[in-house]
Amino acid sequence: LCRRYGLWFRLRKLILWLLGVYIAIPFLVKLCPAIQAKLVFLNFVRVPYFIDLKRPQDQGLNHTCNYYLQPEEDVTIGVWHTVPAALWKNARGKDQPWFEEALGSSHPVILYLHGNAGTRGGDHRVELYKVLSSLGYHVVTFDYRGWGDSIGSPSERGMTYDALHVFDWIKARSGDNPVYIWGHSLGTGVATNLVRRLCERETPPDALILESPFTNIREEARSHPFSIYRYFPGFDWFFLDPITTSGIKFANDENVKYISCSLLILHAEDDPVVPFHLGKKLYNIAATSRSFRDYKVQFVPFHTDLGYRHKYIYRSPELPRILREFLGKSEHEHHH
């Protein structure tokens, strides 16, 4: 009996302690919005951990060059440039000037903006670069300030500025080749911020591709599987307001009203991180927006049975056809 009582006492202590932590966390987040910002960016999560970002060839990217660019003073970002598979043999042993010049060869360029956590060397990202390279695209990707080996501290404004800097760097070298912007997950927020700015300054990209996008960061945080607090009284006040206070909005739903270029949205129905309905909702907002009236807006769902979840759409055997049909049209628009 004594032993059972001791066990029950310890269990009760543990339950009370866990309850205390559960209740303390919202107050902690409210008092220190920087915590919530860190949870949005997850830039401190460097998975896979032991890779040397200066050596993309270690990830099987033998036709990739690692650069460093400087968007602002005190900010340095690490960039990977993968050339189309057709240039693979020529690319062996070449240096940065050769790669930069290759952007002017007659192949379209995709600027890839990755999501939160990890680096430009993340497994599913590398697999996508390989697919896009095999389809004849240059792929330029980078780690935002504060991610990977990039120097600086993360913020929505900073991430958008880094993307703008890389876009301009590509445009200065790519001649008349089409430049497309591809954002995944949190990167869709950077992508629409960027493209909205490009459209406002009248230098739109040739198309925008959003993979697993959300409407805005508040709605995404509310429906994120990790938000065990969503039924907590005052959830918005405790958790969502600090995100806004930190200047983090990623308002895709607002941005699409100011974007005028072709838009393709890809979303898996079984996405456990960004719910499918948010991607669909964003599509409905874009499809009825006046800014897109002269452009193609397309939504491609991937059935639950395929198991692509949040980051495996690159596995789809349909992807090459989807891109060829969609981008073929916008290349057609580009030349007329």
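Residue indices follow the written sequence of each chain, beginning from 1 at its first position. For this predicted model, a pLDDT threshold of at least 70 governs which residues receive local features, and a threshold of 80 or more governs which side-chain atom pairs are given and counted, while totals over whole chains, interfaces and linings are taken from all residues. Here the side-chain values reflect all heavy atoms present in the structure, with hydrogen atoms and water set aside.

**Student:** Would you mind going over the packing of helix H1 (residues 2–31) against helix H2 (residues 33–41) with me for this structure?
**Tutor:** The relative placement of two packed helices is expressed as an angle between their axes plus a distance between the axes. Whenever a helix is involved, its axis is fitted only over the stretch in contact; in every case the axis is a line through C-alpha atoms, and angles between N-to-C directions fall within 0 to 180 degrees. Numbering of helices and strands runs from the N terminus, with a helix taken as a DSSP run of H or I at least four residues long and a strand as a DSSP run of E at least two residues long. In the contact formed by H1 and H2, the axes pass within 4 Å of each other and the chain directions differ by 100 degrees. It follows from the interaxial angle that H1 and H2 lie roughly perpendicular. Residues Leu-28, Val-29, Lys-30 and Leu-31 of H1 touch H2, and the partners they reach there are Pro-33, Ile-35 and Gln-36. Classifying every residue of the contact of H1 with H2 by side-chain character gives five nonpolar, one polar and one charged. If an angle is under 35 degrees, it is roughly parallel; if it is over 145, roughly antiparallel; if it lies from 65 to 115, roughly perpendicular; otherwise it is oblique. Should any heavy atoms of two residues lie within 4.5 Å, those residues are counted as being in contact. Throughout, the ten residues Ala, Val, Leu, Ile, Met, Phe, Trp, Tyr, Cys and Pro are labelled nonpolar, Asp, Glu, Lys and Arg are labelled charged, and all others, Gly among them, are labelled polar.

**Student:** Even after reading the chapter, I still don't get the sheet that holds strand S1 (residues 64–72), so can you show me in this structure?
**Tutor:** Within a sheet, neighbouring strands are paired by backbone hydrogen bonds and run either parallel or antiparallel to one another. Spatially, eight strands are ordered S1-S2-S4-S3-S5-S6-S7-S8 in an open sheet, and the strand pairing comes out mixed. Only two strands of the sheet have a single neighbouring strand rather than two, namely S1 and strand S8 (297–302). Each strand axis lies, on average, 20 degrees off the axis of its neighbour in the sheet, ignoring direction. Here helix H6 (residues 156–171) sits on the sheet in contact with S1, strand S2 (75–82), strand S3 (109–113), strand S4 (138–142) and strand S5 (179–184), set at roughly 120 degrees to S1. Two strands qualify as a pair provided that DSSP identifies no fewer than 2 bridges between them.

**Student:** Please clarify how the nonpolar core should be interpreted in this entry.
**Tutor:** Take the buried residues of types Ala, Val, Leu, Ile, Met, Phe, Trp, Tyr and Cys, join any two whose side-chain atoms come within 4.5 Å, and each joined set is a nonpolar core. For the exposure calls, accessible area comes from a 1.4 Å probe over protein chains only, and a residue counts as buried if that area is under 20% of its type's maximum, exposed if over 50%, partly exposed in between. Core analysis: the biggest nonpolar cluster contains 66 residues, and Phe-41, Leu-111, Leu-113, Phe-142, Ile-181, Leu-208 and Phe-250 have the highest contact counts within it. In this structure, Leu-111 is in contact with Val-140, Phe-142, Ala-163, Val-166, Phe-167, Ile-170, Tyr-180, Ile-181, Trp-182 and Leu-194, ignoring residues within four places of it in sequence.

**Student:** Just to check I follow, could you spell out empty space enclosed by the protein for this structure?
**Tutor:** The gaps left among the atoms become clear once a water-sized probe is rolled over them. Within this scheme a cavity is a closed region of a 1 Å grid, computed over the protein atoms alone, that accommodates a 1.4 Å probe without allowing it to escape, whereas a pocket is open but has protein on both sides within 12 Å along at least five of seven lines; lining residues each have an atom within 4 Å of a point. Grid points are joined across faces, edges and corners, and a volume is the space filled by probe spheres set on the points. Counted under the stated rule, the structure contains one cavity of 30 Å³ or more. Reported here for the largest cavity is a volume of approximately 40 Å³. Lining of the largest cavity is provided by Tyr-112, His-124, Leu-128, His-184, Glu-211, Lys-311 and Tyr-314. Broken down by class, the residue content of the lining of the largest cavity amounts to three nonpolar, two polar and two charged.

**Student:** Explanation requested: the environment of Ile-248 in the structure shown.
**Tutor:** By the secondary structure assignment, Ile-248 is in the loop between helix H9 (235–245) and helix H10 (252–255). For Ile-248, a relative accessible area of 3% puts it in the buried group. Along the chain, Ile-248 and Ala-37 lie 211 residues apart, while their C-alpha atoms are 7.6 Å from each other. The residues contacting Ile-248, other than those within four sequence positions of it, are Ala-37, Val-40, Phe-41, Glu-156, Ile-217 and Ile-243.

**Student:** Where do I start with the environment of Tyr-314 in this structure?
**Tutor:** Within the fold, Tyr-314 resides in the loop between S8 and helix H12 (319–335). In this structure Tyr-314 comes out as buried when scored by relative accessible area, which is 15%. In contact with Tyr-314, other than residues within four places in its own chain, are His-124, Glu-127, Leu-128, Val-131 and Leu-319.

**Student:** Teacher, can you tell me more about the environment of Gly-122 here?
**Tutor:** Tracing the chain through its elements places Gly-122 in the loop between S3 and helix H5 (123–134). With relative accessibility at 3%, the residue Gly-122 sits in the buried group. Considered as a pair, Gly-122 and Tyr-49 are 73 residues apart in the sequence and their alpha carbons are 9.5 Å apart.

**Student:** What is the right way to read the UniProt feature "transmembrane region" (unreviewed entry) in the chain from this model?
**Tutor:** In the numbering used here, UniProt assigns the "transmembrane region" (unreviewed entry) feature to residues 14–31. Helix makes up 100% of residues 14–31 and strand makes up 0%, while its end C-alpha atoms are separated by 25 Å. UniProt positions are given in the numbering used here, feature names are shortened, and annotations may be inferred rather than shown by experiment.

**Student:** Just checking my understanding: could you explain the packing of H1 against H9 for this structure?
**Tutor:** Contact pair H1 / H9: the axes reach a minimum separation of 9 Å and the direction vectors enclose 30 degrees. With respect to H9, the axis of H1 lies roughly parallel. H9 is crossed by H1, and the crossing has left-handed handedness. Contact residues: H1 offers Ile-25, Pro-26, Phe-27, Val-29 and Lys-30, while H9 offers Trp-237, Phe-238, Phe-239, Asp-241 and Pro-242. Each residue belonging to the contact of H1 with H9 can be placed in one class, and the counts come to eight nonpolar, no polar and two charged. For any pair of crossing helices, the crossing counts as left-handed if the nearer helix is rotated counterclockwise from the farther one by less than a right angle, and right-handed if it is rotated clockwise.

**Student:** Any chance you could explain H9 here in plain terms?
**Tutor:** In an α-helix there are 3.6 residues to a turn, and that puts residues three or four apart on one side. Within the sequence span of H9, burial applies to Phe-235, Phe-238, Phe-239, Leu-240, Pro-242 and Ile-243. Down the axis of H9, the sector holding all buried residues measures 150 degrees, keeping them to one side. Downstream of H9 by a residue or two, Gly-247 has a phi angle that is positive, lying close to 80 degrees. The directions from the helix axis to the C-beta atoms form the arc being described.

**Student:** Could you clarify how one ought to interpret a nonpolar patch on the surface in this entry?
**Tutor:** A contiguous nonpolar surface patch, about 1000 Å² in accessible area, is contributed by Tyr-5, Trp-8, Phe-9, Leu-11, Leu-14, Ile-15, Trp-17, Leu-18, Val-21 and Ile-25. Considering the arrangement of structural elements, one finds Leu-18 in helix H1. Classification of Leu-18 by relative accessible area gives partly exposed; the value is 46%. Like-charged residues within 9 Å of one another, or nonpolar side chains (Val, Leu, Ile, Met, Phe, Trp, Tyr) within 5 Å, are grouped into patches, provided each residue has over 30% relative accessible area and no salt bridge. Only the protein chains shown count as cover for residues, and the accessible areas themselves come from Shrake-Rupley with a 1.4 Å probe. Here, a salt bridge means any Lys or Arg side-chain nitrogen found within 4 Å of an Asp or Glu carboxyl oxygen.

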